[in-house]
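# Structural description and commentary
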Amino acid sequence: MEIKRPVRVRFAPSPTGFMHLGNARTALFNWLFARHHGGEFILRIEDTDRERHTEAAVQVIYDSLKWMGLNWDGPVLRQSERLGIYHEIAERLIAEGKAYRCTCTREELEAKKEAMKATVNRTCYDRTCREKNLGPDCGTHVVRFKMPLEGESTFDDMVQGKITKRYADLDDFIMIRSDGMPTYQFAVVVDDLALKITHVIRGADHIDNTHDQIALYHALGEEPPVFGHAPRIDGLSKRKGSPSVEYYREELGLLPEGLNNYIVRLGWSHGNDEIFTTEQLIEYFDADAINQANGEFDEEKLKWVNEQQLRLVSLDKLAQHVLPIYEKHGVHLDHDEWLDKLLEMMRKRAHNLNEIVTDSLFVFRAPKSYDEASVSRHFGESTPDVLESLAAEISAVETWDEASIEAAFTRVAEMTGLKMGKIAQPARTAIVGIAQSPGIYEVVWFVGKDETIRRLQRAADFIRTR
């Protein structure tokens, strides 16, 4: 896509208490578009709904964007700090005959809509107050925009193509509510002008809003930005749990790279490629490759994409994400070579960050009990002697490395005539508590010589006293 002016895009969420995946994808699309074109990504908080607004909800937005790696440029714009500007511009439009005060009550409006629906099957405002020229002393009122009555509204959407609608089918929408607060339709245009926004990428549910907004741009004597409306994400409402960034970060233990990689593909493609680094997404992403067809959410595919990213991400980033999770489990670690080796071992088998941590807790804590299926299969009458022989051989190891640990296992196999599985599986159950774990020699190395010997002897005692 050829861009002739410096790109400035924005992400403008309302603070609702969580970051829905649809909002997250909108933020990601805008951020990638800005970074691809060397432009700026602006964050605006649309916080004029004072009944629902909380600062905690605003913090969720900040935290979610930071976790996703979507850094914004410049200060955050807050609509609640700009109320005087909205009123100033509304008064200007009234003075120019492009907006008007309306005193129709809610009850009157409902009655008008019902009557109109019965006659012309539409429910827009009948423009009762349009030509009354009511002044500021008219009592309780809203401010409405004077929509043109003839002609068509047309714009070229970056994603959907040319979209046209008759002005006769558009309403004189409310700009300022009776409580003095601006509506979304009005404030979004005023703010996008103030921020010099060049491109607006958002969900397809905003297509109808765009005609109203373009009419308002023209009334203000300004050129509208270029619009692009991404397809919906189907299937989110069918799943259990909260489809939010917080849910996938905390409950499912996803990497931000995993979530970003998956949601960017719900509406955008680059050939048949599935897995992308952040650098590749910035290089490849452009709005002309956003699909028109809706994306279908598939949590199993999301988990698979996350697994691929789990194996690709740097150990430095992996450590940043897992250290706080270890802390929640009471394990306090520093990021060093030992941790890198542990993470490299665990991420080969794990599906998410939570599993990396929970499945490696055996390194720090002896099992409180043994898995019954593993006990039934791998703990027999002769197992205590085998475990004690292994403990003795491990005790004799002088150089603590995996090669020496493997040699100790081999010596026990030679002494007992048992196949390695008949030694490794009982040992794994004794050390970890279950017969599934990473490689037994790596497991023993991480647990350490003294602790391994203690766990082997404890299991031998357990078997004899069953």
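A brief look at the structure comes next. (Residues numbered from 1 in each chain as written. Predicted model: local features only at pLDDT ≥ 70, side-chain atom pairs only at ≥ 80, totals over all residues. Heavy atoms only, no water.)

The strand order across the open sheet built from three strands is S1-S2-S3, with neighbouring strands paired in parallel fashion. Two strands lie at the open edges of the sheet, namely strand S1 (8–11) and strand S3 (77–78), each paired on one side alone. Note that strand S2 (residues 40–45) and S3 share two bridges and pair parallel. Looking at S3, one finds that Ile 45 is bridged to Arg 78. Sitting on the sheet, helix H5 (residues 184–194) touches S1, S2 and S3, and the angle it makes with S2 is about 145°. (Pairing = 2+ DSSP bridges. Helix = DSSP H or I, 4+ residues; strand = E, 2+ residues; numbered from the N terminus. Contact = heavy atoms within 4.5 Å. Axes fitted to C-alpha atoms, helices over the stretch in contact; angles between N-to-C directions.)

With respect to the secondary-structure elements, Arg 10 resides in strand S1. Ignoring sequence-local partners within four residues, the contact set of Arg 10 consists of Asn 30, Ile 42, Arg 44, Val 188, Asp 192, Ile 197, Val 200 and Arg 202.

A cluster of like negative charges, contributed by Glu 107, Glu 108, Glu 110 and Glu 114, occupies part of the molecular surface. Here Glu 114 lies in helix H4 (residues 106–120). Classification of Glu 114 by relative accessible area gives exposed; the value is 53%. (Patch = residues over 30% accessible without salt bridge, like charges linked within 9 Å, V, L, I, M, F, W, Y side chains within 5 Å. Areas by Shrake-Rupley, 256 points an atom, 1.4 Å probe, with all protein chains shown as cover. Salt bridge = Lys/Arg side-chain N within 4 Å of Asp/Glu carboxyl O. Lys, Arg positive; Asp, Glu negative; His and termini not counted. Charge placed at Lys NZ, Arg CZ, Asp CG, Glu CD. Buried < 20%, exposed > 50% of the residue type's maximum accessible area, 1.4 Å probe, protein only.)

Overall, the coordinates contain 19 aromatic pairs when judged by the stated rule. Considering the side-chain rings of Tyr 370 and Phe 379, the 5.6 Å spacing of their centres and the 70° angle between planes classify their relative orientation as edge-to-face. When its relative accessible area of 6% is taken as the criterion, Phe 379 is described as buried. Linked through ring pairs, Phe 29, Trp 268, Phe 276, Tyr 284 and Phe 285 together constitute an aromatic cluster. (Phe/Tyr/Trp six-rings, centres within 6.5 Å; stacked < 30°, edge-to-face > 60°.)

A few words now on the pairing of S1. In the sheet, S1 pairs with S2 via four bridges, with the strands oriented parallel. Within the sheet, the bridge partner assigned to Phe 11 lies in S2 and is Leu 43. In this fold, S1 hands off to helix H1 (residues 21–36), which returns the chain to S2; that crossover is right-handed. (Right-handed = clockwise from strand over helix to strand, strands pointing away.)

As paired elements, strand S6 (residues 152–157) and strand S7 (residues 161–166) share six bridges and run antiparallel to each other. Counterpart to Phe 155 in the pairing with S7 is Ile 163. Counted between consecutive antiparallel strands, the loop separating S6 from S7 contains three residues.

At a closest axis distance of 9 Å, the pairing of helix H16 (residues 402–416) and helix H17 (residues 420–432) adopts a crossing angle of 125°. When the axis of H16 is compared with that of H17, the two are oblique. Remark: the crossing between H16 and H17 carries right-handed chirality. Together, Phe 409, Thr 410, Val 412, Ala 413 and Thr 416 of H16 and Met 420, Ile 423, Ala 424 and Ala 427 of H17 make up the contact between the two elements. For the contact of H16 with H17, the per-class residue count stands at seven nonpolar, two polar and no charged. (Parallel < 35°, antiparallel > 145°, perpendicular 65-115°, else oblique. Left-handed = near helix turned anticlockwise from the far one by under 90°. Nonpolar A, V, L, I, M, F, W, Y, C, P; charged D, E, K, R; others polar.)

A few words on the pattern of salt bridges. Opposite charge on two side chains permits pairing when their charged atoms draw close. Enumeration over the complete set of coordinates arrives at 33 salt bridges. Across the pair Arg 464 and Asp 385 runs a salt bridge, and its minimum N-O distance is 3.1 Å. In this pair, Arg 464 sits in helix H19 (residues 449–464) while Asp 385 sits in helix H15 (residues 383–395), placing the two residues 79 residues apart along the sequence. Taken together, the shared-partner salt bridges in this structure form one network comprising Arg 10, Arg 44, Glu 46, Arg 82, Asp 191 and Asp 192.

Turning our eyes to something else, we now look at the packing of H17 against H19. As a packed pair, H17 and H19 sit with axes 8 Å apart at the nearest point and diverge in direction by 105°. By the criterion of interaxial angle, the relationship of H17 to H19 is roughly perpendicular. Judged by residue contacts, Ala 427, Ala 430 and Ile 431 of H17 engage Thr 452, Arg 455, Leu 456 and Ala 459 from H19. Here the residues of the contact of H17 with H19 are counted per class, giving five nonpolar, one polar and one charged.

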